[in-house]
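Survey of secondary and tertiary structure
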Amino acid sequence: MSATVTVAPEAPPVPADWRVTPQGTVRVSDVARTTGDYPAVNYTVRRCGVTVVEQGGHGRTRYIPVSEALLLVAAAALAVAAGVALASMYRAMKTAGATVGADALTIPFNLGS
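Let me sum up the structure you'll find in this document. (Residues numbered from 1 in each chain as written. Predicted model: local features only at pLDDT ≥ 70, side-chain atom pairs only at ≥ 80, totals over all residues. Heavy atoms only, no water.)

Some thoughts on the side chain of Glu68
Mapped onto the secondary structure, Glu68 falls in helix H3 (residues 66-82). Classification of Glu68 as buried rests on a relative accessible area of 13%. (Helix = DSSP H or I, 4+ residues; strand = E, 2+ residues; numbered from the N terminus. Buried < 20%, exposed > 50% of the residue type's maximum accessible area, 1.4 Å probe, protein only.)

Some thoughts on the pattern of salt bridges
Enumeration according to the criterion identifies four salt bridges in this entry. Note that Asp17 and Arg33 form a salt bridge whose closest N and O atoms lie 3.4 Å from each other. With Asp17 in the loop between strand S1 (2-7) and strand S2 (25-27) and Arg33 in helix H1 (residues 28-35), the pair connects residues that are 16 residues apart, well separated along the chain. Take Asp17: its relative accessible area is 42%, and that puts it in the partly exposed class. The shortest N-O distance in the salt bridge between Asp30 and Arg19 comes to 2.5 Å. (Salt bridge = Lys/Arg side-chain N within 4 Å of Asp/Glu carboxyl O.)

Structural notes on the pairing of strand S4 (residues 61-65)
Pairing analysis gives three bridges linking S2 to S4, with the strands arranged antiparallel. The residue bridging Arg27 from the neighbouring strand is Tyr63, located in S4. Here strand S3 (residues 54-56) pairs with S4 via three bridges, running antiparallel. Pairing of Gly56 across the sheet is with Thr61, part of S4. (Pairing = 2+ DSSP bridges.)

What about the nonpolar core?
In this structure, Val26, Val31, Val41, Ile64, Leu71, Tyr90 and Met93 are the most contacted members of the largest nonpolar core, which totals 29 residues. Sorting the residues of this core by element identifies H1, helix H2 (38-47), H3, helix H4 (86-96) and strand S6 (105-110) as the ones contributing at least two each. The element best represented in this core is H3, accounting for nine residues. Setting aside residues no more than four positions away along its own chain, Val31 makes contact with Trp18, Val26, Val41, Ile64, Ala69, Leu72 and Val73. (Core = buried A, V, L, I, M, F, W, Y, C linked by side-chain atoms within 4.5 Å. Contact = heavy atoms within 4.5 Å.)

Read these as geometric descriptors, not functional statements.
Put into structure tokens, the structure is as follows:
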């Protein structure tokens, strides 16, 4: 048995201090500042298959799609609530098929048999 949770009618808002590019990407450092845990966000981006769309600048600034950034923020909030590492929560959400669409955050949950 499974269930799908959808937050609607609109997707989570992008924080006002994020520097969103015209291509729909955001700096990893903006996401880290929002979650308050740069090491965990950095580790998750590097080790959990988060798509880095582009890198640039003096410090090799990394940019990820806004949809992935919002999923990271959601995973960070759930990880704190569950007492698990951000990377573990992000992997679990991606494995379950979590998505951020134009008007919803969808997280399918497996409720067992």
